Amino acid sequence: MMDVAATAGVSQATVSLVLNGSPGAKLSDATRRRVNEAARQLGYTLVRRGPRTVMGDRTNILFIADEITTDPWMALAFEGVRDKAYEYGIHVSLAVSHGDEETEKMILSQMSHMPLLGIVYGTILTRRVDLSPAFDDQHTVLLNCYRPERDLPSVVPGDVLGGRTATDHLINAGYHRIALINGQQGVDASRDRLKGYRQALSSHDIPFDSELVKPGNWEPLSGYEHTHALLDLDTPPDAIFCANDLMALGCYDALKERGLRVPEDIAVIGFDNREISKSMHPPLSTLLLPHYEMGEIAFELLLDNANGRQAGPAQIKVECPLVERNSVKVMAEVLDAAGSIKA
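(A) Structural detail: the layout of surface pockets. If you add up the space inside the second largest pocket, you get close to 480 Å³. What lines the second largest pocket is a set of 19 residues, and nearest its centre among them are T31, R34, T165, E319 and L322. Contributions of two or more residues to the lining of the second largest pocket are made by α3 (29–42), α6 (159–172) and β12 (322–323). No other element matches the 7 residues that α6 contributes to the lining of the second largest pocket.

(B) Region of the structure containing helix α7 (residues 188–203). Counted at 1.5 Å a residue, the expected span for α7 with its 16 residues is 22 Å, and the 23 Å between its end C-alpha atoms agrees. Those residues of α7 lying buried are D188, A189, S190, D192, R193, G196, Y197, A200 and L201. On its buried side, α7 packs onto β3 (116–128), β4 (140–146), α6, β6 (178–182), β7 (213–215) and β8 (239–242). D205 sits one or two residues past α7 and shows a positive phi near 60°.

(C) Seen up close, the sheet that holds β8. Pairing within the open sheet is parallel, and its 4 strands lie in the order β7-β6-β8-β9. The sheet terminates laterally at β7 and β9 (267–269), the two strands that pair on one side only. When strand polarity is set aside, the average angle formed by the axes of neighbouring strands in this sheet is 15°. Bridge count for β6 against β8 is 4 bridges, and the pairing is parallel.

(D) Local environment of the pattern of salt bridges. All chains considered together, the criterion is met by 21 salt bridges. Residue K84 is joined to E300 by a salt bridge in which the shortest nitrogen-to-oxygen separation is 3.6 Å. Of this pair, K84 sits in helix α4 (residues 73–86) while E300 sits in helix α10 (residues 291–306); the two residues are 216 residues apart in sequence, bridging distant segments of the chain. Residues R191 and D188 are paired through a salt bridge, measuring 3.7 Å at the closest nitrogen-oxygen approach. Here R191 pairs with D188, and both are found in helix α7, just 3 residues apart, close to one helical turn. Exposure remark for R191: the relative accessible area of 48% places this residue in the partly exposed category. With relative accessibility at 10%, the residue D188 sits in the buried group. Each of the salt bridges in this network shares a partner with another, and the network as a whole consists of D71, D159, R193, D272 and R274.

What counts and what doesn't
Residues numbered from 1 in each chain as written. Predicted model: local features only at pLDDT ≥ 70, side-chain atom pairs only at ≥ 80, totals over all residues. Heavy atoms only, no water. 1 Å grid on protein atoms, 1.4 Å probe; cavity = no way out; pocket = protein on both sides within 12 Å on 5 of 7 lines; lining within 4 Å. Points joined across faces, edges and corners; volume = space filled by probe spheres on them. Helix = DSSP H or I, 4+ residues; strand = E, 2+ residues; numbered from the N terminus. Expected span 1.5 Å × (residues − 1). Buried < 20%, exposed > 50% of the residue type's maximum accessible area, 1.4 Å probe, protein only. Contact = heavy atoms within 4.5 Å. Pairing = 2+ DSSP bridges. Axes fitted to C-alpha atoms, helices over the stretch in contact; angles between N-to-C directions. Salt bridge = Lys/Arg side-chain N within 4 Å of Asp/Glu carboxyl O.

Shown next, in the form of C-alpha cells:
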C-alpha cells in the first residue's frame, strides 16, 4: 500500500479509502483514478483480513474534544467516527474538555462504568498534546494532534502537501509571483503550509521572496490588511495564497477596494473549504480540510488497536484535496502552450 501511495503521489490513508471504497470519502475523481491505476500497474490487491469484530461487550467509544463550537472541524471529525462506528453497532459519546486536565479526568471517571472500546482525543488546532496519566489504561487514538513521544497512533491533515498543492495549482495556471498570507505564527498548520509553499516554488525554480509572505492570524481582518500591504510592494503579486478561507474573505474585500477583479487581475486560493467559500464572488478555489475522513480513519485505528492488530504507533497524514472554483484562471500563455502541444 505504501508503494501504491508513492506511485500515485498520495498518502497511504488515501490509498486505503479508495481501495476500500469508502463512500463518504471526499476525494476527487482524479485522485481515485491515480490510486486505482497505480494499484493496477503494481499488481497490488487489497488484502482483506476478514470481518473485524468488537471484542466482548465493549460497544462504546468516548470522543473527547477540546472545543466543538469555535470551528466546525471537531464536529465533522466526530461525525466521521460516529458514522463508521454505527456500522459496527458501536455507540460514540461526545465530551468537551476545553483542554483542561481536571475536566478530562472527571470525564474519564464518569465514563469508567461503561464498557469502552477506547478513546478518540481531538483538538481544534493541529498541535502536540500532553495527556494526563488518566488515559494510560485506555486504548487512545489522537485526532488532529500528536504526542511528542509519538507513542500513540494519530491522524492529522497533510498540511505540507496541501500547501504545495495550492501553490502548484497557481504555478501551473501560469502565475509566478505568488504571495502567501499565512496563519498564526507558532501553529503547526501555518508552519506546514509555508513549508509546502516553499517546496512548490523550489520545484518550479521560482526564488523565494520573504516580502511576499505575511503573518496573518486566521481572521478576515488580517487577510484584508496584508493584501493592502502586498499590493503596495514595488512589484505586487499576481496571485495570493491565503492559508485559510476567512483570510481570503478579507483579501477579496481589499482587492475590491483597489478596483482589482478576481481572477481577471489577480488569482486567490484559500484553505479549509468552509461553507462561505462557495458563496464568495467569485466562488473561492480552496483545499478541503478532511476532518470527516480523519474521523473515519481514527475509528479504524482504534478498532485495530483494541483488537491487537495495530503493529505500533503510527501517524497518518490525510490528503487535503483541491477544490477548484472560479478564483483562479488559466493564463493565456499556458493555454497557448497546451494548444501547441496538442497540435
